[in-house]
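Residue strings, one per chain:
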Amino acid sequence: MNLGFFGLQFSFGLQQANMSPIFSFLGADEASMPLLWLAGPVTGLLVQPLVGALSDRTSSRLGRRTPYFLIGAALCSICLFAMPYSPALWIAASLLWILDAANNVAMEPYRAYVSDRLDSRQQGAGFLTQSAFTGLAQTLAYLAPTLLVQAGVSADLIDANGIPEITRIAFLIGAVLSISTILYSVLRVPELPLESEDRQRMTMERLTVRAAVDDFVAALRDMPRPMRQLAVAMLFQWFGMFAYWQYIAFALGRSLFATADAGSASFRQAVLLTGQAGALYNFVAFLAAFAMMPIVRGIGAKPVHAGAMLLAGLAMLSLSMVTGKAGLVPAMIGIGIGWASLMGNPYVMLAGAVPPERTGVYMGIFNMFIVVPMMIETLVMPIIYRPLLGGDPRNVLVLSGAMMLMAAIGTLRVREGETGARPAGAT
């Protein structure tokens, strides 16, 4: 059921590991990097709530959610295929906008699909399984260039625009996985038939953008208390993660390779190392997601998530002091545990609080708590990068670590008795 999530997250992993280097190869500087990443938060803010509301109202032969999986996956594959052939910065940036929109078209209906298929006792395992697939997919996405080097493709083989051949091949692999894994999930685990009550309601309600917008506005007005309480923690954790993804390659370039030159062989080695480090933390996330299931079942998602954000924050703070590759290992373990929790436990905390017939729109709205912090980071970072952070990407990682520590505090401030969430396995 969750294998299609593997393909979606492989695509996201390729973006996280490679978009900043690709932009650099095409002439972007470090201070402007966040603005070039603006596509993700903006398309997420606009697309996911609307698509979530539309999918709640969709009644088709394929089901409510499946048409959106297929459309999103097809567009994603096309953009992944084209991205490493970008001849200019504006083309790469434009493709990223389309790619992120396509991923968002598929993403929130996939979240809602888990709630549709699973009862309350299974939802914790369902969302944490998605988290595990996230870890596994992004492990392979981050590691793909290194594996290609091991297979004999030279890391120094580049095209006229400076984009390495290993990057191009990795994106082609992602294009194939995006569509094939979604198709497998759709064919193997079709959606459940709608209840007669739901069919009658959809017959009476027209499927229009205006109706979806009205649903969105009504859902905002009636937002469950857990969503409001989680907003502060989400603000800090996603600001921190987004800044980390944008600047980790540049930070390792300075710390371990003494270079800030995006055109140098040393920087390409830093990008490879970033992929290896990202693969490690995502593999840790893959394992940690399964390990968290019985713990969440026993004590609830809130304390687990707070502890995971604490570990991730300390790990990011430690990266500014790393002087050798061995020092990356404990840092990636901490970030991996945080990443596993971040991709699963907030949804576990939320799942029991939303009405089933509005799951799509509420999952889309919940995603606003992800993309709004990203938009804030995108607008703030170019302003503070040189005057406050000294133009040093290592200081960005210190800021990211502080944000994750604040996310841990914000999670603990959620009044558990008011969340409406149930630990996985509760009845």
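Residues numbered from 1 in each chain as written. Predicted model: local features only at pLDDT ≥ 70, side-chain atom pairs only at ≥ 80, totals over all residues. Heavy atoms only, no water.

1. Description of the overall build of the chain
1) Next: Each helix and strand counted, the chain has 16 helices and zero strands in total.
2) Next: Every one of the 427 residues in the chain was classed for burial, and the buried ones make up 60%.
3) Next: Here the contacts in the chain between residues at least 6 apart in sequence split such that 83% fall between residues at least 24 apart.
4) Next: Accessible surface for the chain amounts to roughly 16100 Å². Of this, 66% is attributable to carbon and sulfur atoms. (Helix = DSSP H or I, 4+ residues; strand = E, 2+ residues; numbered from the N terminus. Buried < 20%, exposed > 50% of the residue type's maximum accessible area, 1.4 Å probe, protein only. Contact = heavy atoms within 4.5 Å. Areas by Shrake-Rupley, 256 points an atom, 1.4 Å probe, with all protein chains shown as cover.)

2. Points about the pattern of salt bridges
1) Next: Applying the stated rule across the entire model yields five salt bridges.
2) Next: In this structure, D159 and R168 form a salt bridge, with 2.7 Å as the shortest nitrogen-oxygen distance.
3) Next: R168 sits in the buried class, given a relative accessible area of 9%.
4) Next: Residues D392 and R394 are paired through a salt bridge, measuring 2.9 Å at the closest nitrogen-oxygen approach.
5) Next: Overall, R394 belongs to the partly exposed group, its relative accessible area being 26%. (Salt bridge = Lys/Arg side-chain N within 4 Å of Asp/Glu carboxyl O.)

3. What about a nonpolar patch on the surface?
1) Next: A contiguous nonpolar patch, built from L235, V372, I376 and V380 and spanning about 240 Å² of accessible area, is present on the exposed surface.
2) Next: Per-element accounting of the nonpolar patch gives the leading share, three residues, to helix α15 (residues 359-384).
3) Next: Here L235 lies in helix α10 (residues 225-257). (Patch = residues over 30% accessible without salt bridge, like charges linked within 9 Å, V, L, I, M, F, W, Y side chains within 5 Å.)

4. Focus: the packing of α10 against helix α12 (residues 301-319)
1) Next: The interhelical angle for the contact between α10 and α12, taken along N-to-C directions, is 30°, at an axis separation of 12 Å. The interaxial crossing formed by α10 with α12 has left-handed handedness. When α10 is examined against α12, the residues Q237, M241, Y244 and I248 are found in contact with a partner set consisting of H305, M309, M316 and L319.
2) Next: Residues of the contact of α10 with α12, tallied by class, amount to six nonpolar, two polar and no charged. (Axes fitted to C-alpha atoms, helices over the stretch in contact; angles between N-to-C directions. Left-handed = near helix turned anticlockwise from the far one by under 90°. Nonpolar A, V, L, I, M, F, W, Y, C, P; charged D, E, K, R; others polar.)

5. Re the nonpolar core
1) Next: The biggest cluster of nonpolar side chains holds 110 residues, and the ones touching the most others in it are F23, W238, M241, Y244, W245 and L319.
2) Next: Of all the elements, α10 adds the most residues to this core, at 15 residues.
3) Next: Setting aside residues up to four positions removed in sequence, L319 forms contacts with Y244, I248, L328, A331, M332, I335 and L397.
4) Next: L8, F12, M107 and Y113 belong to the second-largest nonpolar core, a separate cluster that totals 12 residues. (Core = buried A, V, L, I, M, F, W, Y, C linked by side-chain atoms within 4.5 Å.)

6. Comments concerning the state of the cysteines
1) Next: This model, assessed by the stated rule, comprises zero disulfides.
2) Next: The structure places no disulfide on C76, whose sulfur is separated from the nearest cysteine sulfur, that of C79, by 7.2 Å.
3) Next: What makes C76 buried here is its relative accessible area of 0%. (Disulfide = S-S within 2.5 Å.)

7. What about the side chain of S341?
1) Next: Considering the arrangement of structural elements, one finds S341 in helix α13 (residues 328-342).
2) Next: With relative accessibility at 0%, the residue S341 sits in the buried group.
3) Next: Residues contacting S341, with those up to four places away along its chain left out, are M292, V304, H305, A308 and P346.

8. Structural notes on helix α4 (residues 66-82)
Note on helix geometry: an α-helix contains 3.6 residues per turn, so any two residues three or four positions apart are oriented the same way.
1) Next: Between its first and last C-alpha atoms α4 spans 25 Å; for 17 residues at 1.5 Å apiece the expected length is 24 Å, and the two agree.
2) Next: Taken as a whole, α4 has its buried residues at T66, P67, Y68, F69, G72, A73, C76, S77, C79 and L80. (Expected span 1.5 Å × (residues − 1).)

9. Observations regarding the side chain of N282
1) Next: Inspection of the secondary structure assignment puts N282 in helix α11 (residues 265-299).
2) Next: Residue N282 is classed as buried on the basis of its relative accessible area, which comes to 0%.
3) Next: The contacts of N282, once residues within four sequence positions are left out, are T134, G135, L136, Q138, T139, Y142 and W339.

10. Let's talk about α10
1) Next: For α10, built from 33 residues, the straight-helix expectation of 48 Å at 1.5 Å per residue is met to within 8% by its first-to-last C-alpha distance of 48 Å.
2) Next: Its maximal kink placed at Y247, α10 deviates by approximately 50°.
3) Next: Backbone geometry just after α10 places A258 at a positive phi near 50°. (Bend = angle between axes of the 7 residues up to and from the residue.)

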